[in-house]
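# Report on the structure
Here are the chains, one letter per residue:
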Number of protein chains: 2
Amino acid sequence: MDDIATSYLRVTSVLEIERAKSGHPGVALGGAKIIYSIYKNAFFNPKDDKYINRDRIVFSAGHASALIYACLHLFNFDVSLDDLKSFRQLGSKTSGHPEVGVLPGIDASTGPLGQGIAMAVGLAIAEMFLANKYNKKGFDIVNHYTYCFCGDGCLMEGVAEEAIEIAGNLGLNKLILLYDKNDITIEGDTSISNKSNVKEKFLSRNWNVIEVKDGNCSKEICDAINLAKKSVDKPTVIITKTKIGFGSDLEGTNTVHGKPLTREQIDNLRAKLNYFVPDFQIDSKLRDYVDDILSLKMEEYERQKKLLSAYKKEFPSEYKELFKTSFDFDFSKYVKDSSDSKIDMRAAVHETLNLLQSKSLIGGCADVAPSTKVYFDNTKYFSRENRDGKNIAYGVREHAMGAISNGISLHGGLRSFCSTFFSFANYLTPAIRLSALMKNPVLYIFTHDSIATGEDGPTHQSVEQIATLRAMPGISVFRPCGKNELLAGFNMFCNNNLPMCIVLPRQEILDINNSFEKALHGGYKIVSKENSVVSLVSTGSDVVSCYQVAQNLEKQGVIVDVISMPCVELFEIQDKEYKQKVIDKTKKIICVECSGDNIWYKYASNEDCVIKLNSFGLSGKGEEVLDYFGFSVDKLTKQILEILKNS
Amino acid sequence: MDDIATSYLRVTSVLEIERAKSGHPGVALGGAKIIYSIYKNAFFNPKDDKYINRDRIVFSAGHASALIYACLHLFNFDVSLDDLKSFRQLGSKTSGHPEVGVLPGIDASTGPLGQGIAMAVGLAIAEMFLANKYNKKGFDIVNHYTYCFCGDGCLMEGVAEEAIEIAGNLGLNKLILLYDKNDITIEGDTSISNKSNVKEKFLSRNWNVIEVKDGNCSKEICDAINLAKKSVDKPTVIITKTKIGFGSDLEGTNTVHGKPLTREQIDNLRAKLNYFVPDFQIDSKLRDYVDDILSLKMEEYERQKKLLSAYKKEFPSEYKELFKTSFDFDFSKYVKDSSDSKIDMRAAVHETLNLLQSKSLIGGCADVAPSTKVYFDNTKYFSRENRDGKNIAYGVREHAMGAISNGISLHGGLRSFCSTFFSFANYLTPAIRLSALMKNPVLYIFTHDSIATGEDGPTHQSVEQIATLRAMPGISVFRPCGKNELLAGFNMFCNNNLPMCIVLPRQEILDINNSFEKALHGGYKIVSKENSVVSLVSTGSDVVSCYQVAQNLEKQGVIVDVISMPCVELFEIQDKEYKQKVIDKTKKIICVECSGDNIWYKYASNEDCVIKLNSFGLSGKGEEVLDYFGFSVDKLTKQILEILKNS
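Reference entry: report on the structure contained in this document. Remember, it's a predicted structure, so these values are computed and weren't measured experimentally. (Residues numbered from 1 in each chain as written. Chains lettered and ligands numbered in written order. Predicted model: local features only at pLDDT ≥ 70, side-chain atom pairs only at ≥ 80, totals over all residues. Heavy atoms only, no water.)

So, about the interface of chain B and chain A. If you look at the interface, chain B gives 95 residues, while chain A gives 95 residues. Taken together, the two surfaces of chain B and chain A that pack against each other cover about 8,100 Å², and 54% of this comes from carbon and sulfur. The interface formed by chain B and chain A includes 8 salt bridges. With a closest N to O distance of 2.6 Å, Lys201 of chain B and Glu165 of chain A form a salt bridge. (Contact = heavy atoms within 4.5 Å. Buried area = accessible area lost by both parts, 1.4 Å probe. Salt bridge = Lys/Arg side-chain N within 4 Å of Asp/Glu carboxyl O.)

Structure (structure tokens):
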């Protein structure tokens with residue numbers, strides 16, 4: 001029956017693809033037994049697909065989508081025949097690559113290779129942390145596996161390499177990676193780009209390795225999965241030798257990767273598989289067989305639900321916390337007036353993060369925690385020995401850090417933060433993009449946010465990073481000019497179930513009066529004068545400079561407002577009236593930001609009214625570098641006077 | 001004497017750092033013997049530091065800068081005492097991290113960890129390719145090693161993992177990686193984030209591994225280097241056990257990583273090293289000793305120069321080609337009139353690239369060559385067996401692809417291109433940033449440049465990518481609307497010694513009359529009407545849509561110019577008069593680009609006159625997705641009429 005099930009999946013997949021005239025038959029045919037075996041063995045309830053203790057299943061090779069959808073349909077998830085038939089069509093739930101929130105049963109959006117492996121590592125970390133935190137004697141309410149399906153491509157990606165090393169280091173024994181080794185990539189035989197010994201590579205990173213010689217033998221794969229489940233202290237990779245495009249005329253070739261089979265080729269496939277059930281239909285015997293498999297899962301589900309009910313009675317506050325989607329925290333209590341001295345925003349973020357010490361929040365840095373100061377006090381690193389550690393030592397692995405953070409926050413019951421220097425945000429942009437696409441609440445905290453970073457020089461000084469994040473849909477960037485605005489940023493993260501970035505300076509800045517309440521509107525007048533003729537719009541440390549510039553200008557008889565715009569995205573969703581009051585176009589609007597972003601042309605009176613950075617920075621003392629590029633208070637004052645003179 | 005040399009380097013490094021009050025004593029003290037051994041063994045002429053056949057030396061751990069500069073000074077490069085004394089100061093050549101073109105003797109700009117390893121792989125590829133191409137019997141004019149110094153951090157980075165695998169796959173036997181294994185990272189003992197068996201990891205990737213137990217023994221390190229040089233078909237890693245902050249009070253701790261030693265700690269260091277030569281001075285015995293080492297290198301240099309002279313006489317055209325910095329190629333010959341049919345821009349880039357078949361240009365794709373069509377015909381993959389192959393199979397390793405491309409182009413005598421889908425440009429942004437910072441002529445070709453990519457869905461559809469690249473200093477983005485503009489893009493790359501990106505659609509587009517000559521100004525009127533009241537400014541495939549929109553509008557009595565702006569950066573450096581003629585602000589300027597970039601607010605008449613993309617795309621047929629988001633010709637026509645009505 002497993003063979004019939006797999007034939008159903010294979011034929012249905014290529015039918016979906018043929019109808020769509022788009023998709024990837026190669027992996028659908030080759031990986032069918034593996035994906036089927038995952039669903040056969042994994043624990044889930046298709047009708048409660050968000051159930052907290054389900055096994056997680058991540059398809060790092062997201063181009064297996066047609067196969068995944070067929071499998072979800074077969075296993076009674078809310079994926080209809082019509083859904084299968086509208087594969088990859090506009091408005092359909094069966095999108096080109098699997099997407100969280102679009103279709104039931106999808107635990108992570110994938111497509112960009114490698115990301116799925118790292119997200120699976122994050123899911124496995126979350127499981128361990130939550131199990132340690134919430135399970136009580138007799139109440140193993142969090143106790144599940146994380147399965148991840150990947151191909152040759154995924155394993156070449158740096159993000160996967162980083163994540164694999166982290167998983168080995170942390171001994172994530174409930175992580176099972178199923179590697180569909182077909183030895184073919186788009187450009188040809190995998191050996192043209194990879195002759196590494198994959199088994200040895202995993203062993204060197206403290207993984208279990210199980211080899212399955214025949215990727216078409218369900219028993220062998222299922223046995224391997226069962227063996228993997230027994231691992232005590234290591235994650236397991238199951239290396240399964242498969243044939244890309246199995247059963248098709250193009251089996252074993254790179255052309256079958258992304259080219260729909262023709263009707264004739266599908267007929268040949270059916271003949272080869274000896275499978276003639278009409279298109280998209282599930283044979284009644286197969287239906288019964290799968291229903292039997294599902295009824296076992298349902299029994300387990302019912303058992304667990306009862307356990308959970310008992311847990312709820314016994315441990316009501318833990319139960320409540322586990323199922324919360326936002327953090328109740330009153331940040332406004334911590335609002336302070338300006339101290340008129342300097343403030344270290346990295347110390348401030350450290351303080352603010354630590355207010356959340358007791359919340360379900362874990363995270364870490366890419367080996368710069370002492371510098372970004374983004375870590376919890378009074379806790380250890382999460383490790384084999386300390387499953388309650390709330391800091392994660394990612395090592396110098398920014399990309400996996402981002403993707404693993406996605407996995408942690410995807411799990412539910414837990415959220416994640418991560419941190420590095422802003423210049424290195426580029427290393428993890430692909431992961432940030434997935435946070436944004438998945439609406440996944442990860443908090444990215446970047447420090448060292450401009451050329452004022454100083455001596456480390458241009459490689460360590462951000463320029464274009466903020467432009468990327470602001471141009472990226474679905475994510476907000478918060479660049480606060482002081483502690484109160486920073487609190488507003490945290491408030492936003494804790495109350496919205498959405499990803500965001502907080503961007504902070506390395507250098508200390510003057511502690512000016514900044515508003516928690518007003519910052520919750522994204523932008524506001526931080527200096528408001530009755531007879532002002534000019535508004536300076538700015539963010540972060542540049543607001544502080546503008547604040548001082550405004551004082552200089554006032555001495556010269558120019559009355560100036562200063563607008564702090566910590567979060568452009570948030571400002572943009574305010575009502576029109578509010579926005580017009582803040583950005584009052586009857587005044588001269590001059591925008592100042594020490595970055596390469598072009599967004600300020602949107603608000604400035606004209607293109608000459610934008611003061612931005614058009615080159616890389618330089619090595620030198622932060623203040624001198626700022627001055628050199630025209631961003632010191634003196635130089636800004638001069639430039640603004642010049643602008644006013646010329647207009 | 002080697003010990004004295006190393007003591008000089010150690011003390012001088014920490015003195016530089018102490019003066020600067022900024023820098024990294026940990027690696028300077030710990031890695032001194034390794035870096036000294038590299039300079040002792042490597043072949044170079046400090047007075048001809050760009051000599052083509054010098055050994056290349058890349059410091060992937062760029063934070064060893066103080067040590068590197070001390071070493072360059074000791075080995076008579078043009079690095080003065082004053083340079084050392086102005087370490088990390090504004091305007092100084094001794095910048096925070098080593099930078100190409102800023103200081104002699106630097107072969108690659110480093111700082112962001114991992115990049116250097118990948119660039120070294122690129123340099124080694126270039127050496128092999130050029131050796132194969134130019135060497136003649138008795139004329140080994142290209143025959144050198146590439147040394148790379150790295151630390152624990154570099155080896156955790158995905159970009160390094162990817163590059164290491166590629167190097168093993170290609171059998172780059174003249175690549176020598178010197179790993180300064182001090183087992184300490186910024187956050188503490190390396191084991192908190194890494195317990196992998198590094199030796200096994202390299203072996204699994206077809207590398208030689210040599211272990212040096214005492215990182216303070218010159219002989220052991222030099223012997224290892226000499227052994228590595230004998231490798232026949234594999235790259236070599238020399239794993240050297242060192243002590244971070246060697247000799248200092250903070251030896252072996254993470255605090256010594258980035259914290260300047262105090263004067264007192266420096267005194268203690270001197271005592272420990274038994275080294276009391278005054279600050280920054282070179283003992284005369286040491287001077288003599290190093291001069292002897294250098295004179296051997298000079299002998300070799302003189303021998304090679306003679307060989308090169310003879311080669312020049314014997315093979316004048318090869319000689320000339322090897323030293324060229326631009327490609328003579330007349331792209332204007334290939335300019336064609338519009339065909340009034342559809343054009344496949346990926347086929348066009350394939351055709352255009354292949355015009356350069358005979359030029360010193362190699363490159364490859366991240367396993368999507370059949371899809372981007374960016375590859376040379378009639379050649380093989382560069383491999384162990386085919387050192388003349390002009391295509392490189394990078395596998396699914398975008399990040400290393402970018403960084404290796406940097407290495408190839410840094411070498412001299414050769415330039416490099418690389419390619420993938422535009423959405424995945426995010427994976428290699430850190431490498432593109434280094435191209436830009438180094439002014440290194442790499443050609444990045446990205447296809448599938450918008451939501452029109454279609455069925456693969458939002459993970460495969462670019463939105464914010466072009467904003468990143470335009471906000472990044474030092475690099476130009478060319479998004480041509482037709483074949484002639486594409487030729488202009490290639491012309492720009494071939495004649496400037498600068499990096500650039502070419503961005504192309506997946507879908508076929510209408511072949512409209514586009515100008516090679518005018519595109520060389522970055523922006524121009526592609527449709528120019530005498531009585532126009534509106535100018536539509538656009539790029540790439542969106543220009544084609546605007547062209548059709550203009551026809552629609554004309555039917556409704558609205559006379560419209562269309563401005564094609566394939567390269568904003570190029571347009572911006574035109575003279576003011578030209579720019580004002582193209583963007584004539586007396587007309588309504590409406591900008592249209594199916595991307596998330598905010599740059600168009602700079603040119604548009606006001607914020608309502610920018611038509612851009614504010615969300616991720618969707619899975620579906622390309623044309624339907626475009627229509628859904630308002631970028632079909634019909635929807636654009638309506639939107640523009642609406643804008644005109646409201647203004």
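After that view of the structure, there is still more to cover.
Here we take up the packing of aromatic side chains. Any two aromatic rings considered together are summarised by their centre-to-centre distance and by the angle between their planes. For the structure on display, the rule yields 56 aromatic pairs over all chains. With 5.4 Å between their ring centres and 35 degrees between their planes, Phe422 of chain A and Phe446 of chain A make a pair best called tilted. Of this pair, Phe422 of chain A sits in the loop between strand S11 (415-421) and helix H17 (429-438) while Phe446 of chain A sits in strand S12 (residues 442-447), and the two are 24 residues apart along the sequence. Using a relative accessible area of 1% as the deciding quantity, one classes Phe422 of chain A as buried. Through pairs of rings, three or more aromatic residues link up here, namely Tyr36, Tyr39, Phe44, Phe59, Phe75, Phe77 and Phe149 of chain A. A cation over a ring is seen here: Arg415 of chain A above Phe493 of chain A, with NZ or CZ 5.1 Å from the ring centre. A cation sits over an aromatic face here: Lys136 of chain B above Phe315 of chain B, 5.2 Å from the ring centre. (Phe/Tyr/Trp six-rings, centres within 6.5 Å; stacked < 30°, edge-to-face > 60°. Helix = DSSP H or I, 4+ residues; strand = E, 2+ residues; numbered from the N terminus. Buried < 20%, exposed > 50% of the residue type's maximum accessible area, 1.4 Å probe, protein only. Lys NZ or Arg CZ within 6 Å of the ring centre and 35° of its normal.)

On to the packing of helix H1 (residues 2-20) of chain B against helix H4 (residues 65-74) of chain B, then. What describes two packed helices is the angle between their axes and the distance between those same axes. Residues and elements named next belong to chain B. Two elements in contact, H1 and H4, have axes whose closest approach is 8 Å; the angle formed by their N-to-C orientations is 125 degrees. In this view, H1 runs oblique relative to H4, as classed from their interaxial angle. The chirality of how H1 crosses H4 is right-handed. Only Ala66, Leu67, Tyr69, Ala70, Cys71, His73 and Leu74 of H4 make contact with H1, whose side of the interface consists of Ala5, Tyr8, Leu9, Thr12, Ser13, Glu16 and Ile17. Split by residue class, the contact of H1 with H4 holds 10 nonpolar, 3 polar and 1 charged. (Axes fitted to C-alpha atoms, helices over the stretch in contact; angles between N-to-C directions. Parallel < 35°, antiparallel > 145°, perpendicular 65-115°, else oblique. Left-handed = near helix turned anticlockwise from the far one by under 90°. Nonpolar A, V, L, I, M, F, W, Y, C, P; charged D, E, K, R; others polar.)

Moving on, we come to the sheet that holds strand S20 (residues 610-611) of chain A. Residue and element names in this part refer to chain A. Strand order in the open sheet made by the 5 strands is S16-S18-S17-S19-S20, with mixed pairing throughout. In this open sheet, the two edge strands, each paired with only one partner strand, are strand S16 (524-527) and S20. Where strand S19 (residues 588-592) meets S20, 2 bridges bridge the pair, whose relative direction is parallel. Bridge pairing in S20 links Val592 to Ile611. (Pairing = 2+ DSSP bridges.)

The subject of this paragraph is the pattern of salt bridges. All names here are of chain B. Within the structure shown, the criterion is met by 88 salt bridges over all chains. In this structure, Lys324 and Asp328 form a salt bridge, with 3.3 Å as the shortest nitrogen-oxygen distance. Look at Lys324 and you get partly exposed, because its relative accessible area is 35%. Taking the shortest distance from any N to any O, the salt bridge between Glu455 and Arg506 comes out at 3.7 Å.

Moving on, we get to unusual backbone geometry. Non-glycine residue Lys439 of chain A carries a positive phi angle of around 55 degrees. Note that Lys439 of chain A resides in the loop between H17 and S12. Even without a glycine there, the phi angle at Asn378 of chain B is positive, about 55 degrees. Relative to the assigned elements, Asn378 of chain B resides in the loop between helix H15 (369-372) and strand S10 (391-393). Exposure remark for Asn378 of chain B: the relative accessible area of 79% places this residue in the exposed category.

So, about the environment of Leu553 of chain B. Residue and element names in this part refer to chain B. Secondary-structure assignment places Leu553 in helix H21 (residues 540-555). In this structure the C-alpha to C-alpha distance between Leu553 and Leu641, which are 88 residues apart in sequence, comes to 8.0 Å. The residues touching Leu553, leaving out its near neighbours within four places in the chain, are Val558, Val560, Thr637, Ile640 and Leu641.

All names here are of chain B. All of the buried residues in helix H11 (residues 263-273) are Gln265, Ile266, Leu269, Arg270 and Leu273. Seen along its axis, H11 keeps its buried residues to an arc of 145 degrees; they face one direction. Where H11 is buried, its residues meet H1 and helix H2 (25-30). Remark: Asn274 follows H11 within two positions and exhibits a positive phi of approximately 55 degrees. (Arc of directions from axis to C-beta.)

Once that is clear, we can look at the pairing of strand S18 (residues 560-564) of chain A. Residue and element names in this part refer to chain A. Burial analysis of S18 places 5 of its 5 residues in the buried class, the great majority of the element. A two-sided burial pattern is seen for S18, the buried positions comprising Val560, Val562 and Ser564 on one face and Asp561 and Ile563 on the other. In this sheet, S18 lies alongside S16 in antiparallel orientation, the contact comprising 3 bridges. Of the residues in S18, the one forming a bridge with Lys525 is Ile563. Of the strand pairs in this sheet, strand S17 (residues 534-538) and S18 are connected by 5 bridges, and their pairing is parallel. For Val534, the partnering residue across the bridge sits in S18 and is Val560.

On to the relation of the copies chain B and chain A. Two copies of one chain are present, and they are related through a rotation about an axis combined with an axial shift. For the pair chain B and chain A, the relating rotation is 180 degrees, the translation along its axis is 0.0 Å, and the fit reaches an RMSD of 0.0 Å. On the angle and the small slide along the axis, the relation comes out as a two-fold axis. Among all residues of chain B, the one whose C-alpha sits closest to the rotation axis is Gly158 of chain B, at a distance of 1.8 Å. Here 100% of the contact residues of chain B are again contact residues in chain A; the copies associate through an equivalent surface. (Least-squares fit on C-alpha atoms with pLDDT ≥ 70 in both.)

Any functional reading would require information beyond the geometric quantities listed.
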